[in-house]
Amino acid sequence: MAGGTLTTIIRGLSGSSLDLVERGKTIFLPGDPAERVYLLRCGAVRLSRVYESGEEITVALLRENSLFGVLSLLTGQHSDRFYHAVAFTRVEMISAPAASVRHAIAADARVGLMMLQGLSCRVLQTETMIETLTHRDMSSRLVSFLLVLCRDFGVPAEQGITIDLRLSHQAIAEAIGSTRVTITRLLGDLRSEGMLRIDRKKITIFDPVALSRRFS
């Protein structure tokens, strides 16, 4: 396994699989057995916590090459999921049994280091999302979320940065704890102010720095 990437390592493990998941489909639910580790190859996955009140809070929006579902590796024993993982877009991912991953780590410490690096990225993504959701004003929360998407999913456009995801107003609302009607209104306001444009569900931010200053 020396010199391999995390992708090649996981694909080479016993019981690994390549999976395609359509947008909006659940990957795993809270309470499901934590038996597999996932590596996102393409698309975006939303991780959220569901509380007893029924409220669902986004804890991370994962981009390609993100590692998730690692709880069983941390505990070293049988455990259940406490996140809800759903395909935020159509996704392609590789998964492998947790037992196979543990064997790979035992055989080569470098695999464990790569897993640790992947987990560290996950923690940073969660911290960023928590910061986004601390904004009580929904307009500021939306802007903060759009800036996170610019950073993680943005591609240079002729004018500004295009978020390379097809985003419905409902999907944005669910991600930041709002309603579709509110998101439609707020995006309309930003568009009227010349901050962004929306074309076939793809959002282009003309000047992320100016947008950040406008709502800081």
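These numbers come from a predicted model, not from an experiment.

Let's talk about the UniProt feature "domain: HTH crp-type" (unreviewed entry) in the chain
Here is step 1: UniProt records the feature "domain: HTH crp-type" (unreviewed entry) at residues 136-209, using the numbering of this structure.
Here is step 2: End-to-end, the C-alpha atoms of residues 136-209 are 21 Å apart, and along that stretch the chain is 53% helix and 19% strand.

Concerning empty space enclosed by the protein
Here is step 1: Counted under the stated rule, the structure contains one cavity of 30 Å³ or more.
Here is step 2: Estimates place the volume of the largest cavity at around 30 Å³.
Here is step 3: Lining the largest cavity, in full, are Leu61, Gln125, Thr128, Met129, Val148, Arg151 and Asp152.
Here is step 4: Secondary structure elements with two or more residues in the lining of the largest cavity: helix H4 (109-133) and helix H5 (138-153).
Here is step 5: Taken together, the residues of the lining of the largest cavity sort by class into three nonpolar, two polar and two charged.

Notes on the packing of aromatic side chains
Here is step 1: The final tally for this structure, using the stated rule, is four aromatic pairs.
Here is step 2: Ring centres of phenylalanine 28 and phenylalanine 68 lie 6.2 Å apart, and the angle between their planes is 35°; this geometry places the pair in the tilted category. You can see phenylalanine 28 sitting in strand S2 (residues 26-28) and its partner phenylalanine 68 sitting in strand S6 (residues 67-68), a full 40 residues away along the chain.
Here is step 3: Residue phenylalanine 28 is classed as buried on the basis of its relative accessible area, which comes to 5%.

Some words on unusual backbone geometry
Here is step 1: Even without being glycine, arginine 200 reaches a positive phi, approximately 55°.
Here is step 2: Mapped onto the secondary structure, arginine 200 falls in the loop between strand S11 (196-199) and strand S12 (202-205).
Here is step 3: Of note, lysine 201 is a non-glycine position whose phi angle comes to about 70°, a positive value.
Here is step 4: Counting through the fold element by element, lysine 201 comes out in the loop between S11 and S12.
Here is step 5: With a relative accessible area of 44%, lysine 201 lands in the partly exposed category.

A closer look at the sheet that holds strand S9 (residues 154-156)
Pairing between the strands of a sheet comes from backbone hydrogen bonds, and it takes one of two forms, parallel or antiparallel.
Here is step 1: The strand order S9-S10-S12-S11 describes an open sheet built from four strands, whose pairing is antiparallel. Among the strands making up the open sheet, the edge pair consists of S9 and S11. Within this sheet the neighbouring strands show an average axis-to-axis angle of 30°, counted without direction.
Here is step 2: Across two bridges, strand S10 (residues 161-163) lies against S12 in antiparallel orientation. In the strand pairing of S12, threonine 162 is matched with threonine 204.

Quick look at the pairing of strand S4 (residues 45-50)
Here is step 1: Direction of pairing for S4 relative to strand S5 (residues 56-62): antiparallel, over a ladder of six bridges. Bridged to arginine 49 within S5 is isoleucine 57.
Here is step 2: Where S4 hands over to S5, the hairpin turn is made up of five residues, of which glycine 54 adopts a positive phi near 95°.
Here is step 3: Relative to strand S7 (residues 84-87), S4 runs antiparallel, the two sharing four bridges.

Regarding helix H6 (residues 169-176)
Here is step 1: Looking at H6, one finds that the buried residues are Ala171, Ile172, Ala173, Ala175 and Ile176.
Here is step 2: For H6, the secondary structure elements touched by its buried residues are S4, S5, H4, H5, helix H7 (180-192) and S12.
Here is step 3: Just past H6, the residue glycine 177 takes up positive phi, approximately 75°.

Some thoughts on the pattern of salt bridges
Here is step 1: Counted according to the given criterion, the structure contains six salt bridges.
Here is step 2: For the salt bridge of arginine 90 with glutamate 22, the shortest nitrogen-to-oxygen distance reads 2.9 Å. One end of the pair, arginine 90, is in the loop between S7 and strand S8 (91-97); the other, glutamate 22, is in the loop between strand S1 (17-21) and S2, with 68 residues separating them in the sequence.
Here is step 3: Given the relative accessible area of 43%, glutamate 22 is considered partly exposed.

Each value, and the rule that gives it
- Residues numbered from 1 in each chain as written.
- Predicted model: local features only at pLDDT ≥ 70, side-chain atom pairs only at ≥ 80, totals over all residues.
- Heavy atoms only, no water.
- UniProt positions renumbered as here; feature names shortened; annotations may be inferred.
- Helix = DSSP H or I, 4+ residues; strand = E, 2+ residues; numbered from the N terminus.
- 1 Å grid on protein atoms, 1.4 Å probe; cavity = no way out; pocket = protein on both sides within 12 Å on 5 of 7 lines; lining within 4 Å.
- Points joined across faces, edges and corners; volume = space filled by probe spheres on them.
- Nonpolar A, V, L, I, M, F, W, Y, C, P; charged D, E, K, R; others polar.
- Phe/Tyr/Trp six-rings, centres within 6.5 Å; stacked < 30°, edge-to-face > 60°.
- Buried < 20%, exposed > 50% of the residue type's maximum accessible area, 1.4 Å probe, protein only.
- Pairing = 2+ DSSP bridges.
- Axes fitted to C-alpha atoms, helices over the stretch in contact; angles between N-to-C directions.
- Contact = heavy atoms within 4.5 Å.
- Salt bridge = Lys/Arg side-chain N within 4 Å of Asp/Glu carboxyl O.

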